[in-house]
Amino acid sequence: MKNQSNSPQSGDRVAIIGGGATGALCSVLLAEAGFQVIALEKKAIGNGSSSRSAACIRAQFGVRETALGMAFSGHFYEHFHELMHTPSDQQCWMIRHNGYLFLYEDPIFYEGDQSKHKEVELAWIHAQSQAAMHRDIKLPVEVLTPSEVHVRWPHIDSSRLIGATYCPSDGFLNHDQIY
Ligand SMILES: Cc1cc2nc3c(=O)[nH]c(=O)nc-3n(C[C@H](O)[C@H](O)[C@H](O)COP(=O)(O)OP(=O)(O)OC[C@H]3O[C@@H](n4cnc5c(N)ncnc54)[C@H](O)[C@@H]3O)c2cc1C
């Protein structure tokens, strides 16, 4: 950095270490903010996890801050082309909201390791309070009964379930396009 103050200023030079998704995005945002950016990659672009991701994206996480961050991430990918100024001939779908359904087994039917029985009982209680937290931050998470699961997804055997949570905005990213 060329300026003598401790705080970075537009025009300063910045080195980003790592040519994965994090390094690429930081480079773009810093360059847009006026910094002179150089990104350094030790091997090849996408050498790390970024070329290996299964591209699942969901906001149904247990920590409020993570759920909020993932909701922002969903918004970012919905507006990816606009935000990243993708050339119009390269614009294609970036996020598919197929929704994620989490199924919870009724502890009555649990036949596994009995030391884990309490864990199974608590899982559903925890899932319901997590869904309340999600709705509190405006995520469209639904709490479903086994019969509601059966009506919407008849191929799922709901007979051993106690309930489910479903978030229609969870889904998959177009990994190749992002990478
Ligand atoms: C099999 C797999 C499946 C995954 N599935 C999902 C998924 O479904 N959904 C999801 O959200 N996340 C998923 N992830 C996680 C996700 O891929 C990573 O969180 C994300 O790609 C991390 O990006 P990154 O840029 O921080 O790191 P990376 O992509 O790992 O990039 C780090 C880069 O830094 C370089 N580097 C390291 N040290 C140096 C150095 N000293 N000098 C220069 N360069 C250096 C490396 O070569 C590498 O290219 C998955 C990960 C894996 C491995």
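Residues numbered from 1 in each chain as written. Predicted model: local features only at pLDDT ≥ 70, side-chain atom pairs only at ≥ 80, totals over all residues.

A. Spotlight on the overall build of the protein chain. When helices and strands are tallied, the protein chain shows six helices and eight strands. Along the protein chain, helices and strands appear, N-terminal first, in the series β-α-β-β-α-α-β-β-α-β-α-β-β-α. Since a compact globule built from 179 residues should have a radius of gyration of about 16 Å, the 22 Å found for the protein chain marks it as more spread out than a globular shape. Taken along the three principal axes of its C-alpha coordinates, the protein chain extends 65 × 40 × 35 Å. In the protein chain, which comprises 179 residues, the proportion classed as buried is 16%. Long-range contacts, defined as pairs at least 24 residues apart, comprise 57% of the intrachain contacts of the protein chain with a sequence gap of at least 6. (Helix = DSSP H or I, 4+ residues; strand = E, 2+ residues; numbered from the N terminus. Rg over C-alpha atoms; globule rule 2.2 N^0.38 Å. Buried ≥ 20, exposed ≤ 12 C-beta atoms within 10 Å, placed from the backbone. Contact = placed C-beta atoms within 7 Å.)

B. Spotlight on the site of the ligand. Surrounding the ligand, one finds 21 residues, the nearest of these being G18, G20, G48, S50 and S53. Secondary structure elements with two or more residues in the shell around the ligand: α1 (21-32) and β3 (56-57). For the shell around the ligand, the per-class residue count stands at seven nonpolar, 10 polar and four charged. Taken domain by domain, the shell around the ligand gets at least three of its residues from each of domain 1 (1-52) and domain 2 (54-179). (Near = placed C-beta within 6 Å. Nonpolar A, V, L, I, M, F, W, Y, C, P; charged D, E, K, R; others polar. Domains from an automatic or database assignment.)

C. Structural detail: helix α2 (residues 64-78). For α2, spanning 15 residues, the distance from its first C-alpha to its last is 21 Å, which sits close to the expected 21 Å at 1.5 Å a residue. Turning to α2, its buried residues are A67, G74 and Y77. On an axial view of α2, the arc spanned by its buried residues comes to 85 degrees, and they lie on one face. Within α2, the exposed residues directed more than 90 degrees away from the buried face are E65 and F72. Residues of α2 that are buried sit in contact with β3, α3 (80-84), β4 (95-96), α4 (117-136) and β8 (171-173). (Expected span 1.5 Å × (residues − 1). Arc of directions from axis to C-beta.)

D. Up close: the sheet that holds β4. Reading across from one edge, β3-β8-β4 is the order of the three strands in this open sheet, with antiparallel pairing throughout. Looking at which strands have only one partner, the edges of the open sheet turn out to be β3 and β4. (Pairing = 2+ DSSP bridges.)

These figures come from the coordinates and say nothing about function on their own.
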